[in-house]
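# Per-entry structural report
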Amino acid sequence: MYFSSSVFIDNFERLRLTVNDGKKGIEQTTGLATFLAVDMAQKETGQEILNLHPENRQHRERVTSNFVNVLCVGRRDGIELQVNNLGMIEFEQRKLDKKFSSNVLTTPVKRASETVGTRNYPSRPAPLLTLGLELVSGNKWGVKKLDNWTETFMTFFNDRLCGQDTFPLIVYLLRDHSFGSIPDPSKALIDALQLKFTSELSDYLVTHARIPDNWDTGSFFSEIPISIEELEDIAAESEEPEMVTGNLQEGEIDNSLPKNLILFGPPGTGKTFRTAELALRMCGNWLAEFGSAEKRSEVMQTFKQLQDLGMIEFVTFHQSIAYEEFVEGINAKVEDGAVHYIIKDGIFKEICSRAEQSGKNHILIIDEINRANISKVFGELITLIEEDKRAGELNEIRVRLPYSQQLFSVPSNLYIIGTMNTVDRSIALMDVALRRRFEFEEIMPQTDLLGVIKVDDEEINLSQLVETINKRITILLDRNHTLGQAIFMRVSSLEGLISVMKYKLLPLLQEYFYGQWDKIGVVLGDNLKEDKDLKLIVEDKEYDTEKLLGKSHYMDQYDPIYTVNPKFGTDEKHDIKIIKSIYE
């Protein structure tokens, strides 16, 4: 007996992010899948620390194979059906083992082997693995699960429709498992998981799973597993995949675009897609039909292919990134007992070299550009990125790099696109040197992209809902904290809207207005509602101050304890009234 296709599809859908943020989803999925692959290898080898040194093919191939098995749900004509972002299936030509090699083995794992001490992975939303453990002298390729991984695991579910429920993940991981007798669901799940994973992970997943009451009903299981055809139907392209293969379709290069550009705005406003659009325009691969919403997947496919060709590079800035990682640095390597020092090019120098050699436009995308110490990362090269000081320009400047002693200039066919969320840091606080050398494009919420939800004879206007909330946030806080449309883009039902509001919108407002529940109520229009039952923020009746603290003349010093209306999400008609009262 296998999980039925309807059970798989329903639970797989619940693994999606509440906000349509592809980059974030891919990062989280890669980090989680790597953790699962390491755990599986620990189970298979009986070893806590895995040796991922390039010469230890046994462990490297085992972890790579596990990673592929976690994220590949099927194959057709040499094309993999990949889950690069939990809750979504894509047809991909680039194999998962290649992605794992380039995104994990040759980046974080390799870097950890070359640095002092250990590193944690992934960096976002929270670490699950320890990298860079020294196995023997000169071999720091050891990897294991973080000692306190149970404290960080759930952060990968905070922004997903399933919330803190691991059952959807269990269904996904056991999609092809055949159950025998299933009288005790918890035992059945643990026994099944332990065939692949360690006991500690299996127990953890089942402990945090909300097993449905209809577990033992006939519709919950099937005689056959979900078919490849059903998996293809889930995929973004259910028919023949319209993939960009062979030669890229070429359009006109947009020479009016600036060489240095920063996109800024609140989270979820479409900066990722705008970045892809600009990159394609700069490379001459933007087609007129790409402007339609139906062509979004084709835009991203073209963008990925340009990445594979090395014409686009992507890097995320963080507080500890330095010149040595970005431009060039020096690494120590021990061979035959002797220490050798090697000059290693950073991502900026590498893409500059490729741009010079090919003559074609190349794009460097710097995500969260405002998080780094710009002077520390760019060093003397901050002047060289100015358009008139690049190679071949009138005021060309060349500098001698400190480690390699090479004369270096920035080629004129390199474009730099930076992105920043204004929630994290205001544009007014940016490094002056950066502001002088970049043009800025603001990407604000596009609420007109949102539609309506119909429930019987009622309609909920998502555009008006978000627009009203954003106006109130702007007045009470600022426009930098307004809601991006992405948070509601995938909402198509009342149930989905309630889930987004409870597990994404309200926690976000609590973060914005920390401890100020009265302002959260104002954002939701509670102060304008005559009917108290329509308020979303209400006093928590479990906190009876007089009963808990006793009568005293200090009683008026204590503020009421607030909570989310416990009735929200329990009655469809009442829920509609609550939501519509926010903007009507």
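## With respect to the overall build of the chain
Within the chain, the regular secondary structure consists of 20 helices and 22 strands. With the principal axes as the frame, the chain shows a C-alpha extent of 75 × 60 × 60 Å. When each of the 584 residues of the chain is scored for burial, the buried share is 49%. Long-range contacts, defined as pairs at least 24 residues apart, comprise 67% of the intrachain contacts of the chain with a sequence gap of at least 6. Entry remark: accessible area of the chain is about 28,300 Å², with carbon and sulfur atoms responsible for 47%. The chain carries 66 positive and 91 negative side-chain charges, and their two centres are separated by 4 Å.

## Brief notes about the sheet that holds strand 17 (residues 414-421)
Overall, parallel pairing links the 5 strands, which are arranged 11-14-17-10-18 in an open sheet. Each end of this open sheet is capped by a strand with a single partner; those strands are strand 11 (312-316) and strand 18 (439-442). For this sheet, the mean angle separating the axes of adjacent strands, direction not counted, is 20°. The pairing of strand 11 with strand 14 (residues 362-367) spans 5 bridges and is classified as parallel. Its bridge partner being in strand 14, Ile-312 is matched across the sheet by Ile-363. Sheet contacts for helix 9 (residues 271-283): strand 10 (260-265), strand 11, strand 14, strand 17 and strand 18; angle to strand 17, the most-contacted strand, approximately 170°. Packing of helix 12 (residues 347-358) onto the sheet brings it into contact with strand 11, strand 14 and strand 17, and relative to strand 14 it is tilted by some 160°.

## So, the pattern of salt bridges
Charged atoms that come close allow side chains of opposite charge to pair. Under the counting rule described, the total for this entry stands at 36 salt bridges. Between Glu-61 and Arg-57 there is a salt bridge, with the nearest N and O atoms lying 2.8 Å from each other. In this pair, Glu-61 and Arg-57 are both assigned in helix 3 (residues 57-71), 4 residues apart and thus about one turn of the helix distant. What makes Glu-61 partly exposed here is its relative accessible area of 42%. Owing to a relative accessible area of 57%, Arg-57 belongs among the exposed residues under this scheme. Residues Arg-274 and Glu-441 are paired through a salt bridge, measuring 2.8 Å at the closest nitrogen-oxygen approach. With a gap of 167 residues between them, Arg-274 in helix 9 and Glu-441 in strand 18 connect regions that are remote in the sequence. Exposure remark for Glu-441: the relative accessible area of 21% places this residue in the partly exposed category. Linked by salt bridges that have partners in common, Glu-27, Arg-124, Glu-368 and Arg-371 make up one network.

## Brief notes about helix 17 (residues 494-512)
Along its 19 residues, helix 17 runs 25 Å from first to last C-alpha, staying within 8% of the 27 Å computed at 1.5 Å per residue. The largest bend in helix 17 comes to about 40°, at Met-501.

## Overview of the pairing of strand 5 (residues 88-92)
In this structure, strand 4 (residues 79-85) lies alongside strand 5, joined through 4 bridges in antiparallel fashion. Counterpart to Asn-85 in the pairing with strand 5 is Met-88. Here strand 4 folds back onto strand 5, and the loop between the two strands holds 2 residues, one of which, Gly-87, carries a positive phi near 95°.

## Section: the sheet that holds strand 2 (residues 50-51)
Taken in spatial order, the 4 strands of this open sheet run 2-8-7-6, and their pairing is antiparallel. Across the chains shown, the open sheet's two edge strands, defined by having one partner strand only, are strand 2 and strand 6 (119-121). Looking at chain direction, strand 6 and strand 7 (residues 129-133) are connected through 3 bridges and run antiparallel. Considered in strand 7, the bridge of Asn-120 is made with Thr-130.

## As for the side chain of Ser-4
Mapped onto the secondary structure, Ser-4 falls in the loop between strand 1 (2-3) and helix 1 (5-13). Residues within four places of Ser-4 in sequence aside, it is in contact with Ser-219, Phe-220, Phe-221 and Ser-222.

## With respect to the packing of aromatic side chains
Using the criterion set out here, one finds 25 aromatic pairs in the structure. Ring centres of Phe-35 and Trp-149 lie 5.3 Å apart, and the angle between their planes is 50°; this geometry places the pair in the tilted category. With Phe-35 in helix 2 (residues 22-45) and Trp-149 in the loop between strand 8 (142-145) and helix 5 (167-173), this pair connects stretches of sequence that are 114 residues apart. Residue Phe-35 is classed as buried on the basis of its relative accessible area, which comes to 0%. What makes Trp-149 buried here is its relative accessible area of 3%. For the pair Phe-179 and Phe-221, a centre-to-centre distance of 5.7 Å together with 70° between the ring planes defines the contact as edge-to-face. Taken together, the positions of Phe-179 in the loop between helix 5 and helix 6 (185-193) and Phe-221 in strand 9 (residues 221-222) put the pair 42 residues apart, joining distant regions of the chain.

## Description of a nonpolar patch on the surface
Together, Ile-330, Val-334, Val-339, Tyr-341, Ile-343 and Tyr-403 line one region of the surface with nonpolar side chains, adding up to about 560 Å² of accessible area. When contributions to the nonpolar patch are tallied by element, the ones reaching two or more residues are strand 12 (328-335) and strand 13 (338-345). Top element by residues in the nonpolar patch is strand 13. It accounts for 3 residues. Inspection of the secondary structure puts Tyr-341 in strand 13. Residue classification places Tyr-341 among the exposed positions, given a relative accessible area of 59%.

## Details of the packing of helix 9 against helix 10 (residues 296-308)
Orientation of helix 9 relative to helix 10, taken along the N-to-C sense of each, is 60°, at an axis distance of 10 Å. The orientation of helix 9 relative to helix 10 falls into the category oblique. Two packed elements cross with a definite hand, and for helix 9 against helix 10 that hand is left-handed. Contacts from Phe-273, Ala-276, Ala-279, Leu-280 and Cys-283 in helix 9 reach Arg-296, Val-299, Met-300, Thr-302, Phe-303 and Leu-306 in helix 10. Split into classes, the residues belonging to the contact of helix 9 with helix 10 amount to 9 nonpolar, 1 polar and 1 charged.

## Regarding a negative patch on the surface
On the surface, Glu-387, Glu-393, Glu-396 and Glu-439 cluster together into a negatively charged patch. Relative to the helices and strands, Glu-439 resides in strand 18. Since its relative accessible area comes to 47%, Glu-439 is described here as partly exposed.

Calculation notes
Residues numbered from 1 in each chain as written. Predicted model: local features only at pLDDT ≥ 70, side-chain atom pairs only at ≥ 80, totals over all residues. Heavy atoms only, no water. Helix = DSSP H or I, 4+ residues; strand = E, 2+ residues; numbered from the N terminus. Buried < 20%, exposed > 50% of the residue type's maximum accessible area, 1.4 Å probe, protein only. Contact = heavy atoms within 4.5 Å. Areas by Shrake-Rupley, 256 points an atom, 1.4 Å probe, with all protein chains shown as cover. Lys, Arg positive; Asp, Glu negative; His and termini not counted. Charge placed at Lys NZ, Arg CZ, Asp CG, Glu CD. Pairing = 2+ DSSP bridges. Axes fitted to C-alpha atoms, helices over the stretch in contact; angles between N-to-C directions. Salt bridge = Lys/Arg side-chain N within 4 Å of Asp/Glu carboxyl O. Expected span 1.5 Å × (residues − 1). Bend = angle between axes of the 7 residues up to and from the residue. Phe/Tyr/Trp six-rings, centres within 6.5 Å; stacked < 30°, edge-to-face > 60°. Patch = residues over 30% accessible without salt bridge, like charges linked within 9 Å, V, L, I, M, F, W, Y side chains within 5 Å. Parallel < 35°, antiparallel > 145°, perpendicular 65-115°, else oblique. Left-handed = near helix turned anticlockwise from the far one by under 90°. Nonpolar A, V, L, I, M, F, W, Y, C, P; charged D, E, K, R; others polar.

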